[in-house]
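Coordinate inspection notes
Here's the letter readout for the chains.
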Amino acid sequence: MAQNKPIGQLLKELGFITEEQIQVALQVQKANPKFLGEILEELDFVTSAEIAEAIAIQHGLEYIEIEQIVPSEEALKIVPKEIAISKNILPISIDNETFVVATQEVNDIMTMDYLQKLSKRNVKFVVGDKKAIARYVEIYYYQLENPIEKEIDEMIERALQNREIDIPHLVDLFLNSAIKDKATDIHITPEKSATHVFFRIDGVLNHYYSLPLRLHNQIVARIKIISELDISEQRKPQDGAFSYNFLNEEFDLRVSTLPTNHGENIVLRLLGKNASLFNLSHLGLNETNTKKVEHFFQKPYGIILIVGPTGSGKTTTLYSALRKIDSLKKNVLTIEDPIEYRFSFIKQTQLNTKAGYTFDAAIRSFMRQDPDVMLVGEIRDEATAELAVRASITGHLVLSTLHTNNAVGTIPRLEDLKIPSYLIASGLVAVIAQRLVRKLCNRCKQTTQIDMQEFQKRGITEEFLAKYPNYQLYKPVGCEHCRNTGYNGRNAIVEILEVNDSIEALITKQASSQEIFEEAKRNGMVPLKFDGYEKVLLGITTFEEIDRVVD
Ligand SMILES: [Zn+2]
């Protein structure tokens with residue numbers, strides 16, 4: 001039988017919280033009698049996902065990320081919606097023997113018995129975050145009762161017959177469809193003969209719908225109205241925002257319009273507000289890299305940069321690491337664009353260029369606030385770069401992001417921003433270059449073989465392969481759990497440049513990027529591509545994915 005440790009103790013052993021955080025939570029509990037787990041969560045010391053993970057470990061059950069799995073229709077249909085909602089369970093899959101159900105209440109024997117009778121199968125509980133279960137139970141049962149895609153197709157059909165359609169409702173349906181499929185962006189793109197709707201999911205654009213072109217301007221007008229943009233202005237790009245409610249949950253969207261030769265192109269970005277994303281252990285870094293990153297963020301001063309193109313998950317890594325910094329003992333200030341999630345005990349501020357509150361202005365203000373740690377959303381100009389580096393050499397830990405492709409490339413980039421080499425050398429603690437690769441869907445991936453030539457072509461040596469004696473490659477297939485893409489969710493791959501004495505000396509004497517790269521490799525830096533290859537050999541992703549994100 002599973003040992004039933006108090007949740008606080010367990011979370012501490014797993015390294016999710018500190019003793020001091022437990023003490024603070026216990027004090028809060030005196031004033032506000034609630035479960036300790038709940039208080040820890042309200043104080044942002046843990047996320048609900050971490051609690052679920054702890055429960056899974058405690059009971060020796062599988063933990064699943066609800067956001068990364070699509071349940072099968074057959075499984076959903078077994079359990080009535082009301083029961084699923086009241087018990088907060090999400091049916092995942094069913095076969096001849098086993099009915100897999102996600103829950104956080106793993107000791108709920110009554111529900112297990114009930115499900116056993118209902119399904120006439122062995123019921124297997126897997127542990128999921130109760131908040132995520134609550135959200136997706138609503139979404140998937142809604143979808144079961146009102147298939148969103150079907151309704152959209154019917155509306156498109158009516159439009160093709162030149163019949164009137166309810167445009168605001170159609171726009172709502174696009175938003176519902178995007179939320180259900182966990183899209184991060186919606187693109188509405190006019191072409192010569194039709195307008196197209198694409199969703200970006202796990203970093204890749206997917207074509208979803210084609211509509212008669214005559215609807216395009218009506219859809220654009222509708223989106224402009226809700227995001228308070230100028231409807232009559234069609235020749236200049238515009239930016240706006242709005243909030244949208246779906247199944248009692250608020251979603252924030254940012255809107256951007258761009259005039260193109262076929263009409264205005266619209267991109268809607270769905271801002272994530274899911275704090276459970278911010279967890280270092282969920283980024284998928286290997287153990288060595290996780291330890292390195294944790295170590296960097298415990299440093300008392302210096303600058304740590306996370307680099308990569310837009311959409312490479314820099315912010316997620318930054319926040320995951322930020323959560324590891326003890327904000328009870330350190331004064332943490334942030335300047336963000338925008339603030340996507342609020343943390344307790346961290347002083348967060350939002351960029352407001354119009355009001356003169358820029359990244360550099362923020363750093364100047366922070367310096368008068370007795371700071372320990374400063375998070376600067378992005379370094380994109382000389383003034384910000386200089387202030388950030390100066391702050392880092394005067395006893396503060398500065399965390400930021402920068403647009404460069406690889407770790408070593410950050411040094412010439414900072415030099416371009418007029419930072420003297422000796423300052424870079426003394427301020428920089430580490431650079432983490434990052435990309436996101438899609439993970440193969442565990443429910444449908446199939447083993448595959450590859451010849452040695454392919455390995456050689458990629459520079460994968462026998463020596464590298466020897467580190468993974470049981471390696472097995474897989475290929476994507478596609479099933480109903482992964483929207484037939486063969487992939488589900490994403491992992492970060494990284495390249496970590498640690499600035500030790502030898503690297504510091506090379507930066508100071510303005511050595512070439514090649515020299516720094518070679519020295520970093522000698523010090524143990526694994527190039528981005530090879531961190532990806534490790535994930536291919538471990539069967540997590542594919543060579544195609546690595547090729548897609550690393551040049
Ligand atoms: Zn699949």
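Sequence order as written defines the numbering, with residues in each chain counted from 1. Since the coordinates come from a predicted model, pLDDT governs what is reported: local features require at least 70, and pairs of side-chain atoms require 80 or more to be given and counted, while whole-chain, interface and lining totals use all residues. Only hydrogens and water are set aside when side-chain values are computed; all heavy atoms of the structure are taken into account.

Comments concerning the overall build of the protein
The helix count covers DSSP runs of H or I at least four residues long, the strand count covers runs of E at least two residues long, and both are numbered beginning at the N terminus. Tallying secondary structure elements over the protein gives 23 helices and 18 strands in all. Against the 2.2 N^0.38 benchmark of 24 Å for 551 residues, the protein shows a C-alpha radius of gyration of 25 Å, consistent with a compact globule. For the protein, the spread of C-alpha atoms along the three principal axes comes to 70 × 65 × 65 Å. The buried share of the protein, taken over its 551 residues, is 52%. Once local pairs closer than 6 in sequence are excluded, the contacts in the protein between residues at least 24 apart make up 65%. Surface summary for the protein: the accessible area is close to 25,600 Å², and the carbon and sulfur share equals 49%. The sign given to each residue is positive for Lys and Arg and negative for Asp and Glu; His and the chain ends receive no count. A charged residue contributes its charge at one atom only: NZ of Lys, CZ of Arg, CG of Asp or CD of Glu. Computed over 63 positive and 76 negative side-chain charges, the separation of the two mean positions in the protein equals 0 Å. Radius of gyration: C-alpha atoms only; globule rule: 2.2 Å multiplied by the number of residues to the exponent 0.38. Throughout, exposure labels follow a simple rule: accessible area from a 1.4 Å probe, protein chains only, divided by the maximum for the residue type, with under 20% read as buried, over 50% as exposed, and the rest as partly exposed. Contacts are assigned to residue pairs with any non-hydrogen atoms lying within 4.5 Å of each other. All accessible areas in this document rest on Shrake-Rupley with a 1.4 Å probe, and a residue is counted as covered only by the protein chains that are shown.

Details of the coordination of the zinc ion
Listed donors are limited to N, O and S atoms within 2.8 Å of the metal, widened to 3.2 Å for Na, K and Ca; water is not among them, so incomplete-looking sites are possible. The coordination sphere of the zinc ion, as far as protein atoms go, consists of Cys-441 (SG), Cys-444 (SG), Cys-479 (SG) and Cys-482 (SG), spread over 2.3 to 2.4 Å. One can describe the site at the zinc ion as tetrahedral: its 4 donor atoms subtend angles covering 105 to 113° at the metal. Every donor residue of the zinc ion comes from the same chain, spaced as C-x2-C-x34-C-x2-C. With Cys-444 in the loop between β15 (428–440) and β16 (446–448) and Cys-482 in the loop between β17 (473–475) and β18 (487–498), this residue pair connects regions lying 38 residues apart in the sequence. Accessibility expressed as a relative area gives 0% for Cys-482, which makes it buried. Only four donors with every angle between 85 and 135 degrees are called tetrahedral; only four or six donors with opposite donors over 155 degrees apart and all others between 65 and 115 are called square planar or octahedral, in that order; all others are irregular.

Section: helix α15 (residues 382–393)
To estimate the expected span of a helix, count its residues, drop one, and scale the result by 1.5 Å. End to end, α15 covers 17 Å across 12 residues, agreeing with the expected 16 Å (1.5 Å per residue, within 8%). All of the buried residues along α15 are Thr-384, Ala-385, Ala-388, Val-389, Ala-391 and Ser-392. Summarising the axial view, the buried residues of α15 lie within an arc of 160°, below the 170-degree limit, and thus occupy one face. Next to the buried residues of α15 lie β10 (302–307), α14 (359–367), β13 (373–376), β14 (397–402) and α17 (421–427). The definition of a polar contact used here is a pair of N or O atoms within 3.5 Å, where within protein one atom must be able to donate a hydrogen and the other to accept one, and adjacent residues in sequence count solely through side-chain atom pairs. Near the N-terminus of α15, the side chain that reaches the backbone nitrogen of Ala-383, with its oxygen 3.2 Å away, is that of Asp-381. Phi turns positive one or two residues past the end of α15, at Gly-395, with a value near 95°. To obtain the arc, one takes the directions from the helix axis to the C-beta atoms.

Notes on the sheet that holds strand β3 (residues 122–127)
One open sheet accounts for 3 strands, arranged β1-β2-β3; its pairing is mixed. Two strands in the sheet have a free side with no partner beyond their single neighbour: β1 (90–94) and β3. Going from strand to strand, the sheet's axes swing by 25° on average, the running direction of each strand aside. As defined by bridge partners, β1 adjoins strand β2 (residues 98–103) across 4 bridges and the pair is classed as antiparallel. Note that in β2 the partner of Pro-91 across the bridge is Val-101. The convention used is that axes are lines fitted to C-alpha atoms, helices contributing only their stretch in contact, and that angles between N-to-C directions extend from 0 to 180 degrees. Contacting β1 and β2, helix α8 (residues 130–145) runs over the sheet at an angle of about 65° to β1. Note: two strands are recorded as paired if DSSP finds a minimum of 2 bridges between them.

Points about the side chain of Thr-257
Examined against the element boundaries, Thr-257 turns out to sit in strand β8 (residues 249–260). Setting aside residues no more than four positions away along its own chain, Thr-257 makes contact with Lys-224, Leu-229, Lys-236, Pro-237, Gln-238, Glu-264, Asn-265 and Ile-266.

Here's the deal with the nonpolar core
Side-chain atoms within 4.5 Å link the members of a nonpolar core, which is a set of buried Ala, Val, Leu, Ile, Met, Phe, Trp, Tyr and Cys residues. Leu-90, Ile-219 and Leu-268 are the most contacted members of the largest nonpolar core, which totals 63 residues. When residues of this core are assigned to their parent elements, the largest contribution, 8 residues, is made by helix α10 (residues 167–180). Domain extents, as shown, originate in an automatic or database domain assignment. In terms of domain composition, this core takes at least three residues from each of domain 1 (47–139) and domain 2 (148–271). When residues no more than four places from it in sequence are discounted, the contact partners of Leu-90 are Ile-66, Pro-71, Leu-76, Val-100, Val-101, Ala-102, Ile-133, Tyr-136, Val-137 and Tyr-140. In this structure, Phe-359, Met-374, Ala-425 and Leu-428 belong to the second largest nonpolar core, which totals 40 residues.

Comments concerning the sheet that holds β10
Taken in spatial order, the 7 strands make up an open sheet running β12-β11-β13-β14-β10-β15-β18, and their pairing is mixed. Each having just a single partner strand, β12 (347–350) and β18 make up the two edges of the open sheet. Direction aside, neighbouring strands of the sheet carry axes that sit 20° apart on average. Where β10 and β15 come together, 5 bridges link them in parallel fashion.

Some points on the packing of α14 against α15
Direction vectors running N to C along α14 and α15 enclose 25°, while the axes themselves pass 8 Å from each other. The orientation of α14 with respect to α15, classified from their angle, is roughly parallel. As α14 packs across α15, the resulting crossing turns out to be left-handed. On the side of α14, the interface is formed by Phe-359, Asp-360, Ile-363, Arg-364 and Met-367, while α15 contributes Ala-383, Thr-384, Leu-387, Ala-388 and Ala-391. Side-chain classes are defined by residue name, with Ala, Val, Leu, Ile, Met, Phe, Trp, Tyr, Cys and Pro counting as nonpolar, Asp, Glu, Lys and Arg as charged, and the others, Gly among them, as polar. Split into classes, the residues belonging to the contact of α14 with α15 amount to 7 nonpolar, 1 polar and 2 charged. Orientation categories follow fixed angle ranges, with anything under 35 degrees roughly parallel, anything over 145 roughly antiparallel, 65 to 115 roughly perpendicular, and all other angles oblique. Crossing handedness: left-handed means the near helix sits turned counterclockwise from the far one by under a right angle, and right-handed means the same turn made clockwise.

A word on the domain arrangement of the protein
Here the protein is partitioned into domain 1 (47–139), domain 2 (148–271) and domain 3 (278–437 + 490–527). Using only C-alpha atoms to locate each centre, domain 2 and domain 3 end up separated by 35 Å. Domain 2 puts 4 residues into the contact, and the matching count from domain 3 is 4 residues. For the pairing of domain 2 and domain 3, the buried interface totals around 390 Å² over both sides, and the portion due to carbon and sulfur atoms is 51%. Throughout, the accessible surface (probe 1.4 Å) given up by two parts as they are put together, summed over both, is called the buried area.

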